[in-house]
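Here is how the chains run, residue by residue.
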Number of protein chains: 2
Amino acid sequence: MAGLTQTANAEDGRTIVSVDAMGGDRGPAAVVAGISLSAKKNPDIGFILHGDKPQLEKLVARKKPLAGRVEIRHAEDVVSMEDKPSQVMRHGKNTSMWSAVDCVRNGEADVCVSCGNTGALMMLSVVRLRKLPGVNRPAIAVLWPSANPQGFNIMLDAGADIRADEHDLLQYALMGASYARNGMELQRPRVGLLNVGTEEHKGRPELREAHELIAQNAESANFEFVGFVEGRDLPGDVADVIVTDGFTGNVALKTGEGTASLIGRLLREAFKYSPLSRLAALLAYTSLNRLNKRIDPRRVNGGVFLGLNGTVVKSHGSSDATGVSAAVKLAFKLGQSGFSQKLAARVASAVSLPQDTLQSSETNN
Amino acid sequence: MAGLTQTANAEDGRTIVSVDAMGGDRGPAAVVAGISLSAKKNPDIGFILHGDKPQLEKLVARKKPLAGRVEIRHAEDVVSMEDKPSQVMRHGKNTSMWSAVDCVRNGEADVCVSCGNTGALMMLSVVRLRKLPGVNRPAIAVLWPSANPQGFNIMLDAGADIRADEHDLLQYALMGASYARNGMELQRPRVGLLNVGTEEHKGRPELREAHELIAQNAESANFEFVGFVEGRDLPGDVADVIVTDGFTGNVALKTGEGTASLIGRLLREAFKYSPLSRLAALLAYTSLNRLNKRIDPRRVNGGVFLGLNGTVVKSHGSSDATGVSAAVKLAFKLGQSGFSQKLAARVASAVSLPQDTLQSSETNN
């Protein structure tokens, strides 16, 4: 059963990505097409694919780049978008999602990718992989198209947990900075804390306390703390990592997506308005394509669950082959860099104690 | 002093708008140009203008549409963007902003417009106009470009107060619905409550309680409650009024603005890329202009402070003549419709009590 992985993949030093083939809106064909795109571009990835074996065997056989690169694990059931996370925990043992996550748990794969139900994937990941020592609340980190040179900012938490106190926010800062180093190759990422103004007296009490904690840890954790940032800095260039609670992060993310999609719609309408504007649209085709590529949500596909013993990448439910391939690329990068281990070390070394305790312990060392 | 207003304006049944001419980023010239645009289009507005009298007299004299329509009130001082609200409360009696708000307080004007410091304007408005009976936290309502037929949604609170409990959220729903009826002519506005998901079990406890309170009051307050909505619905078409606390609302607003401005920048870059794309840009000029007009922040200019004895419209600090004129148009509409009185009546009639108390009092009536 595990033959392909062992011989064709792991022994060649490939990074193994465990992929949930079912549960996305476009079904397993889009997932297989996506991993095939990735396999073609990158000889160092191998896959363990979870789902309906007969169906997956047919789909994989049609893709030449996947020859000798994929091991298929049969899973009877599928987690649907409507399933409640608690139901999945009780009755989901035979689902492709469970099987995909467990491959990371038992060390067969470095990282897991799924397009399925976010809530269920999060709960499964927390229960099966368990939280890293010292992490109270795991977080979902997303990439945000931005004015920065790297083209994206990282925002967390995008909605794993609706609450976060000052210690959680410090952990998000540490995890986000680590992600920026390993996923984006930013040696010294700039971290900002989301608030309603940039003055230090603004915002909720836990934000002012988090401001202090994060500032204390910036030097030792090798990031630059730029202090409070505002909503407009999410797509801006003053920070690479932006930290917030999951409620605010989720609203901001969906607001940004909604705004971009309204503008896209209005732009299309504007170009359909008159014969001249239709001609302009034709001439502007490559320009508009260039813009589209820059803010294409499929290219920033992949929320990453941080704070667990293992890395899980959540791809959009509606991901097509391009989207799946983008998520796999990110998963590969994080898996290959040993991100989970580095993140664990970073969180473990952080100082989350009140200032006076910190100072006395420093004096003692 | 009050001659012009009394004779040329009030006695003709004009709606009087009190305008703070100072404190905006572009100075009094932009404000005077803005009210002149409004005066030209609308014979039913009169103005009381507050600021440096010699300077304002010169500016007003140059604008023909303003002849006989403006009374100037001298104010020695100006509230700067850097002034802290508390400083303004202590030492701001001679500022144009104070004078402009007091004109509404003493009944000389129906509504006030300022481009100045938001925090100071809010605090001044609350202290000088006082909260409506029954209102705990006043709110800032903003217009949001949307996919709705009216082109805009109303969101509140956009940042007057970073906290809001379930009773505050109910008041925001009532105030927002009243604003939609009087400012947008929507007879039965659809009201949504911002959350991280649309299922009733989601979100913070106060949101679930607010859901119940708002649902109870929808029928009597003559709006349709569409339940929980998400960030993507702010520019969407499922609700006309979206209710949230001031922290979340402020982050969402600035995220939306930041996203729109990033896309605008990328669009301009895309069209500058090659000779062909520059030609396309030329042909697309009117199309792009049409889009620009649709999402131009100057056209949606004017956050409105709700929940006070009187209406105050906050125009963007960087407003030019077009922006000021848009804010004046909104102020006129609200002043003319007797919005403040209607809002007061609406809030007073609302049921913000626990369900059992409500039922027994209904039985008694």
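A quick note: this is a predicted structure, and the numbers were derived from the prediction, not measured.

Caption draft 1: Main features of the pattern of salt bridges. Taken as a whole and assessed by the stated rule, the structure comprises 26 salt bridges over all chains. Two residues, A:Asp168 and A:Arg137, come together in a salt bridge whose shortest N-O distance is 2.8 Å. One end of the pair, A:Asp168, is in helix H7 (residues 166-184); the other, A:Arg137, is in the loop between helix H6 (118-129) and strand S5 (139-145), with 31 residues separating them in the sequence. This pair shows no difference in class: A:Asp168 is buried, exactly as A:Arg137 is. With a closest N to O distance of 2.4 Å, B:Arg73 and B:Glu108 form a salt bridge. You can see B:Arg73 sitting in strand S3 (residues 70-74) and its partner B:Glu108 sitting in the loop between helix H5 (96-105) and strand S4 (111-114), a full 35 residues away along the chain. Residue class for B:Arg73 comes out buried when judged on its relative accessible area of 13%.

Caption draft 2: View of the relation of the copies chain A and chain B. When chain A is fitted onto chain B, the two copies agree to an RMSD of 0.1 Å after a turn of 180 degrees and an axial shift of 0.0 Å. Expressed as an axis order, the relation between the two copies is that of a two-fold axis. Looking at the interface residues of chain A, 100% of them are also at the interface in chain B, so both copies use one shared face.

Caption draft 3: Molecular detail of the side chain of B:Asn117. Residues and elements named next belong to chain B. Here Asn-117 lies in the loop between S4 and helix H6 (118-129). Judged by its relative accessible area of 6%, Asn-117 falls in the buried class. At a separation of 3.0 Å, a polar atom in the side chain of Asn-117 contacts the main-chain carbonyl oxygen of Ser-80. Engagement of the side chain of Asn-117 in a polar contact is seen with the backbone nitrogen of Gly-119, the distance being 3.2 Å. Discounting chain neighbours no more than four positions away, the residues touching Asn-117 are Val-79, Ser-80, Met-81, Glu-82, Asp-83, Met-97 and Lys-314.

Caption draft 4: Seen up close, the packing of aromatic side chains. Scanning all chains against the criterion turns up two aromatic pairs over all chains. Consider the rings of A:Tyr179 and A:Phe339, whose centres lie 6.0 Å apart with planes at 45 degrees: the pair is tilted. Within this pair, whereas A:Tyr179 is found in helix H7, its partner A:Phe339 is found in helix H13 (residues 339-348), the two being separated by 160 residues in sequence. Comparing A:Tyr179 with A:Phe339, the two get one shared label, buried. A cation over a ring is seen here: A:Arg204 above B:Phe247, with NZ or CZ 4.0 Å from the ring centre.

Caption draft 5: Highlighting helix H12 (residues 321-336) of chain A. All names here are of chain A. In this model, H12 (16 residues) spans 22 Å end to end at C-alpha, consistent with the 22 Å of a helix rising 1.5 Å per residue. The element H12 is largely enclosed, with a buried count of 12 among its 16 residues. When H12 is considered as a whole, its buried residues turn out to be Ala-321, Gly-323, Val-324, Ser-325, Ala-326, Ala-327, Val-328, Leu-330, Ala-331, Phe-332, Leu-334 and Gly-335. Near the N-terminus of H12, the side chain that reaches the backbone nitrogen of Thr-322, with its oxygen 3.2 Å away, is that of Asp-320. Downstream of H12 by one or two residues, Gly-338 has phi in the positive range, about 65 degrees.

Caption draft 6: Focus on the interface of chain A and chain B. Each partner contributes residues to the interface: chain A has 50 residues there, and chain B has 50 residues. Here chain A packs against chain B, burying approximately 4500 Å² in sum over the two surfaces, 74% of which is carbon and sulfur. Taking the shortest distance from any N to any O, the salt bridge between A:Glu230 and B:Lys254 comes out at 2.2 Å. Counting the contacts that link chain A with chain B gives six residue pairs in polar contact (both at pLDDT 80 or more). Secondary structure elements with two or more residues in the side of chain A that touches chain B: S5, helix H9 (246-271), helix H10 (275-283) and helix H11 (285-295) of chain A.

Caption draft 7: View of the domain arrangement of chain A. Residues and elements named next belong to chain A. When its domains are assigned, chain A resolves into domain 1 (1-134 + 307-338) and domain 2 (136-299). Computed over C-alpha atoms only, the centres of domain 1 and domain 2 are separated by 26 Å. Counting from both sides, the interface comprises 16 residues of domain 1 and, opposite them, 13 residues of domain 2. Surface buried jointly by domain 1 and domain 2 totals about 1200 Å² across both partners, of which 61% is contributed by carbon and sulfur atoms. Contact with domain 2 buries surface across domain 1, with Met-122, Lys-131 and Lys-333 losing the most and accounting together for 31% of the total. Our enumeration of links across domain 1 and domain 2 arrives at one salt bridge. Of all elements in the fold, only H6 and H12 reach the threshold of two or more residues within the side of domain 1 that touches domain 2.

Caption draft 8: Local environment of the sheet that holds S3(B). All names here are of chain B. Taken in spatial order, the 11 strands of this open sheet run S3-S2-S1-S4-S11-S10-S5-S6-S9-S7-S8, and their pairing is mixed. Either end of the sheet is taken by a strand with one partner, and the two such strands are S3 and strand S8 (224-229). On average, each strand axis in the sheet is tilted by 25 degrees relative to the strand beside it, whichever way the strands run. Relative to strand S10 (residues 303-306), strand S5 (residues 139-145) runs antiparallel, the two being bridged by three bridges. Looking at S10, one finds that Ala-139 is bridged to Leu-306. Across the sheet, helix H2 (residues 27-41) is in contact with strand S1 (15-20), strand S2 (45-51) and S3; its angle to S2 comes to roughly 170 degrees. Its contacts with the sheet put helix H3 (residues 53-61) on S2 and S3, and the angle it makes with S3 is roughly 160 degrees.

Caption draft 9: Layout of the pairing of strand S11 (residues 311-314) of chain A. All names here are of chain A. Alternating positions in S11 separate into two faces, Thr-311 and Val-313 on one and Val-312 and Lys-314 on the other, with burial throughout. Of the strand pairs in this sheet, strand S4 (residues 111-114) and S11 are connected by four bridges, and their pairing is parallel. Note on S11: the bridge partner recorded for Val-111 is Thr-311. As defined by bridge partners, strand S10 (residues 303-306) adjoins S11 across three bridges and the pair is classed as antiparallel. Bridge pairing in S11 places Phe-305 opposite Val-312. Counting the residues that bridge the hairpin from S10 to S11 gives four residues, and of these Gly-307 lies at a positive phi of roughly 105 degrees.

Cut-off values and rules
- Sequence order as written defines residue numbering, which begins from 1 separately in each chain.
- Each chain takes a letter, starting from A, and each ligand takes a number, starting from 1, following the order in which they are written.
- Owing to the predicted nature of the model, reporting of local features is limited to residues with pLDDT of at least 70; listing and counting of side-chain atom pairs is limited to 80 or more, with chain, interface and lining totals taken over all residues.
- To obtain the side-chain values, all non-hydrogen atoms of the structure were used and water was disregarded.
- Any carboxyl oxygen of Asp or Glu that lies within 4 Å of a side-chain nitrogen of Lys or Arg is treated as forming a salt bridge with it.
- Secondary structure is summarised from DSSP: a helix means a run of H or I of at least four residues, a strand means a run of E of at least two, and numbering begins at the N terminus for each.
- In this scheme, a residue with accessible area under 20% of its type's maximum is buried, one over 50% is exposed, and one in between is partly exposed, where area comes from a 1.4 Å probe on protein chains only.
- In superposing the copies, a least-squares fit is computed on C-alpha atoms, taking residues whose pLDDT is at least 70 in both.
- The contact rule is simple, with two residues in contact once any of their heavy atoms fall within 4.5 Å.
- As used in this structure description, the phrase polar contact means that two N or O atoms lie within 3.5 Å; if the pair is within protein, one of them must be able to donate a hydrogen and the other to accept it, and residues adjacent in sequence are counted only when both atoms belong to side chains.
- A pair of aromatic rings is counted whenever rings of Phe, Tyr or Trp (Trp by its six-membered ring) have centres within 6.5 Å, and the orientation is called stacked for planes under 30 degrees apart, edge-to-face for over 60 and tilted otherwise.
- Geometrically, a charge over a ring is one whose NZ (Lys) or CZ (Arg) sits within 6 Å of the ring centre while staying within 35 degrees of the ring normal.
- One fewer than the residue count of a helix, multiplied by 1.5 Å, yields its expected span.
- Here the quantity called buried area is the accessible surface, traced with a 1.4 Å probe, that two parts lose on coming together, added over both.
- For each domain, the first and last residues come from an automatic or database assignment.
- One bridge is not enough; two strands pair if DSSP finds at least two bridges between them.
- To get an axis, a line is fitted to the C-alpha atoms, and for a helix only the part in contact is used. The angle between two axes follows their N-to-C directions and goes from 0 to 180 degrees.

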